[in-house]
Amino acid sequence: MSELQSGVRMTPQRAAVAATLQAVPEFRSAQHLHEVLRSQGETVGLATVYRTLQALAEAGDVDVLRTDDGEQLYRWCARREHHHHLVCRQCGRTVEIDGPTVEAWAHTVGEKHGFSDIDHTIELWGVCTACRTGGGPAA
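This one's a predicted model, so the numbers in the text were calculated from it and none came from an experiment.

Asks: Give a detailed account of helix 1 (residues 12-23), specifying residues and quantitative values.
Replies: Compared with an ideal rise of 1.5 Å per residue, which puts 12 residues at 16 Å, helix 1 spans 17 Å between its outermost C-alpha atoms and is within 8% of the ideal. Residues of helix 1 that are buried in the fold lie against strand 2 (9-10), helix 2 (30-39), helix 3 (46-58), strand 4 (62-66) and strand 5 (72-76).

Asks: Before we move on, can you summarise the nonpolar core with the specific residues and values?
Replies: Among the nonpolar cores identified, the biggest contains 15 residues, and Leu21, Val49 and Leu53 are the most heavily contacted of them. Of all elements in the fold, only helix 1, helix 2, helix 3 and strand 5 reach the threshold of two or more residues within this core. In terms of residue count, the dominant contributor to this core is helix 1 (4 residues). With sequence-adjacent residues up to four places away left out, Val49 is seen in contact with Val17, Ala30, Leu33, His34, Leu37 and Val44.

Asks: Residue-level account of the sheet that holds strand 4, with values.
Replies: As summarised here, the arrangement of the 3 strands in space is 3-5-4, forming an open sheet in which the pairing is antiparallel. If you trace the sheet from one side to the other, it starts and ends with strand 3 (28-29) and strand 4, each paired once. Here strand 4 runs beside strand 5; their pairing, made up of 5 bridges, is antiparallel. Considered in strand 5, the bridge of Arg66 is made with Gln72.

Asks: Explain the pattern of salt bridges to me, using residue names and the numbers behind them.
Replies: For the structure on display, the rule yields 1 salt bridge. The salt bridge involving Arg28 is made with Glu26; its shortest N-O contact spans 2.8 Å. When its relative accessible area of 17% is taken as the criterion, Glu26 is described as buried.

Conventions and cut-offs
Residues numbered from 1 in each chain as written. Predicted model: local features only at pLDDT ≥ 70, side-chain atom pairs only at ≥ 80, totals over all residues. Heavy atoms only, no water. Helix = DSSP H or I, 4+ residues; strand = E, 2+ residues; numbered from the N terminus. Expected span 1.5 Å × (residues − 1). Contact = heavy atoms within 4.5 Å. Core = buried A, V, L, I, M, F, W, Y, C linked by side-chain atoms within 4.5 Å. Buried < 20%, exposed > 50% of the residue type's maximum accessible area, 1.4 Å probe, protein only. Pairing = 2+ DSSP bridges. Salt bridge = Lys/Arg side-chain N within 4 Å of Asp/Glu carboxyl O.

In C-alpha cells form, the structure reads like this:
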C-alpha cells in the first residue's frame, strides 16, 4: 500500500479510483467514475468511490465543482496552488485559470467586514469555441 504526496493512504481500490480520475480530463461525477471502474472489471463499491474522492479532495489532489442542481463533480487537480476553472457546459472541457483580481477583491471585502483567513471558490461556466462552432467537444 502506498501514499500520494498529500499523504492519502492508497489501498488498491483507492488507487483504481485515482487512476481512473487521472485518465479523464474533464470533471465527472462519482457515479460516472464508478460506472467506468465497473466496466473495467474493478470491484470497488460506490461508497468507496465517494470516500476516496472526499479524501483526495481534502488532501488537495482533486478539484470539486458543484453543478446548479447540487451534484458534485470531480477532476484530478493538475495544480496544487489556488486556482479557478473555466468549464464548458456542453462538453466539460476545463481550463485552470488564475484570478489575481478576484484574490485581491476577496481579501479586501473580508478585511472591510472584519474577516480574516478568507477562502473562496469561483468557477466560470460557458461554451467553448469547438462546441459553439459545431465542431463538437474539443480534443
